[in-house]
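# Close look at the chain arrangement
Now for the letters of each chain:
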Amino acid sequence: MRIGTARESYRADEALFDTNTQHVWLAILLATLAVFPFLANDYWLYLACLVAIHTASATGLNILTGYTGLVSLGQAAFMGLGAYTVAILERDLGTPVLLNLVLAGTVAMAGGVVVGIPSLRVKGLYLAIVTIAATFIAQFLFSNFDYTGGPGGLTIPPPTLAGLPLDTSFRIYWLIVPLTCLMVLGAANLFRTRTGRAFIAIRDRDISAEVLGIPLLRYKLMSFGLSSFYAGVAGGLWAYFFRVITPESFPLILSIFFLATIIVGGMGSILGAILGALFMTMVPEILRIAVTWLPIEGDTLRYVSPVRIIVFGGLIIFFLIFEPQGLAEIWRRVRRFFHLWPFRT
């Protein structure tokens with residue numbers, strides 16, 4: 001129950017959406033996502049699906065790094081585990097799509113728990129090195145086992161849902177985007193629970209959290225497991241979307257990409273994972289299109305094209321220096337401005 005802006009219960013204080021305006025904007029967002037595939041061409045549908053996959057994986061990494069304070073550079077490895085799990089299940093068993101995705105997340109979760117065991121003893125850069133080692137181990141397994149297709153990888157047929165083959169960007173959009181929305185909603189609700197608050201306590205001061213009775217190893221492993229589950233499901237969606245999986249599909253640079261995503265978007269913020277994934281996916285594409293519009297041809301274009309990569313890197317550095325709390329903080333300032341207008345903040 002609320003009186004004005006005061007909240008009289010923990011339930012009201014923890015509500016995800018506590019104003020009518022927020023409910024209206026949520027309804028507009030859902031309506032936009034529902035109408036978008038009917039208006040967009042294949043290229044924009046491709047980008048929308050890619051943003052959704054990146055959002056799912058970045059949300060998982062934000063649970064681990066942004067909310068629990070455990071740095072990981074192994075997100076690509078866990079995505080690879082999920083992708084290969086989906087490919088093998090489709091190839092050998094032909095099990096349902098949703099079951100495959102759950103199993104992909106479960107296999108990745110098991111891998112994440114194993115990698116997370118050293119987290120009780122090491123932290124910071126040392127933990128990051130441990131997760132980098134996991135990436136190289138996963139790369140070795142993907143490349144040297146015949147069961148995973150070796151260096152040539154695996155090819156899977158289009159997924160089928162309710163008897164309908166998801167063989168176009170329009171059709172698979174209805175699998176990827178709704179599932180990503182559910183995953184983001186689940187992550188947002190996680191931090192309204194005791195488990196989510198324990199993650200935040202460990203991030204803020206792990207020694208104090210342990211003194212308060214929070215078992216560090218259990219909750220750190222739980223955070224690794226949840227983050228890896230999200231990565232595994234995202235990897236499974238990636239496999240269904242591209243339908244060709246090779247060991248080179250999940251390099252270390254992809255893990256760095258996701259770490260940059262949550263830094264630019266805003267660590268410790270569900271909205272930050274969404275905005276970061278949107279920024280990191282769309283800005284390079286926009287810069288690529290801008291370069292092609294320039295009145296330049298031949299060899300000159302070959303030298304100008306790398307400029308977009310430099311601009312993209314410069315934007316990331318700009319956020320790290322001038323807006324360390326990311327795009328989510330910019331959005332919060334914009335909201336405060338309109339809440340208080342015409343008064344100054």
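Here is a short report on the structure shown in this document. (Residues numbered from 1 in each chain as written. Predicted model: local features only at pLDDT ≥ 70, side-chain atom pairs only at ≥ 80, totals over all residues. Heavy atoms only, no water.)

Here we come to the packing of helix α3 (residues 42–67) against helix α7 (residues 169–190). Two elements in contact, α3 and α7, have axes whose closest approach is 9 Å; the angle formed by their N-to-C orientations is 25°. Taken as axis vectors, α3 and α7 run roughly parallel relative to one another. In the crossing of α3 with α7, the sense of the turn from one axis to the other is left-handed. Packed against α3, whose contacting residues are D42, L45, Y46, A48, C49, A52, I53, T55, A56, T59 and I63, the element α7 presents S169, F170, I172, Y173, I176, V177, T180, M183, V184, A187 and L190 at the interface. A per-class count over the contact of α3 with α7 returns 17 nonpolar, four polar and one charged. (Axes fitted to C-alpha atoms, helices over the stretch in contact; angles between N-to-C directions. Helix = DSSP H or I, 4+ residues; strand = E, 2+ residues; numbered from the N terminus. Parallel < 35°, antiparallel > 145°, perpendicular 65-115°, else oblique. Left-handed = near helix turned anticlockwise from the far one by under 90°. Contact = heavy atoms within 4.5 Å. Nonpolar A, V, L, I, M, F, W, Y, C, P; charged D, E, K, R; others polar.)

Side chains that differ in sign of charge can pair as their charged atoms come close. A full pass over the atoms with the stated rule returns six salt bridges. Here D167 makes a salt bridge to R171, at a shortest N to O gap of 3.3 Å. Here D167 falls in the partly exposed class, since its relative accessible area comes to 37%. For R171, a relative accessible area of 30% puts it in the partly exposed group. For the salt bridge of E323 with R333, the shortest nitrogen-to-oxygen distance reads 2.6 Å. Note that E323 is positioned in the loop between α14 (306–322) and α15 (326–340) and R333 in helix α15, a separation of 10 residues in sequence. On the basis of relative accessibility, which here comes to 38%, the residue R333 falls in the partly exposed class. One salt-bridge network, in which partners are shared between bridges, spans E323, E329, R332 and R333. (Salt bridge = Lys/Arg side-chain N within 4 Å of Asp/Glu carboxyl O. Buried < 20%, exposed > 50% of the residue type's maximum accessible area, 1.4 Å probe, protein only.)

Right, let's get into a nonpolar patch on the surface. Where nonpolar side chains cluster on the molecular surface, the patch consists of L271, I274, I330, W331, V334, F337 and F338 and spans about 610 Å² of accessible area. Sorting the residues of the nonpolar patch by element identifies α12 (270–293) and α15 as the ones contributing at least two each. At five residues, α15 tops the list of elements feeding residues into the nonpolar patch. (Patch = residues over 30% accessible without salt bridge, like charges linked within 9 Å, V, L, I, M, F, W, Y side chains within 5 Å. Areas by Shrake-Rupley, 256 points an atom, 1.4 Å probe, with all protein chains shown as cover.)

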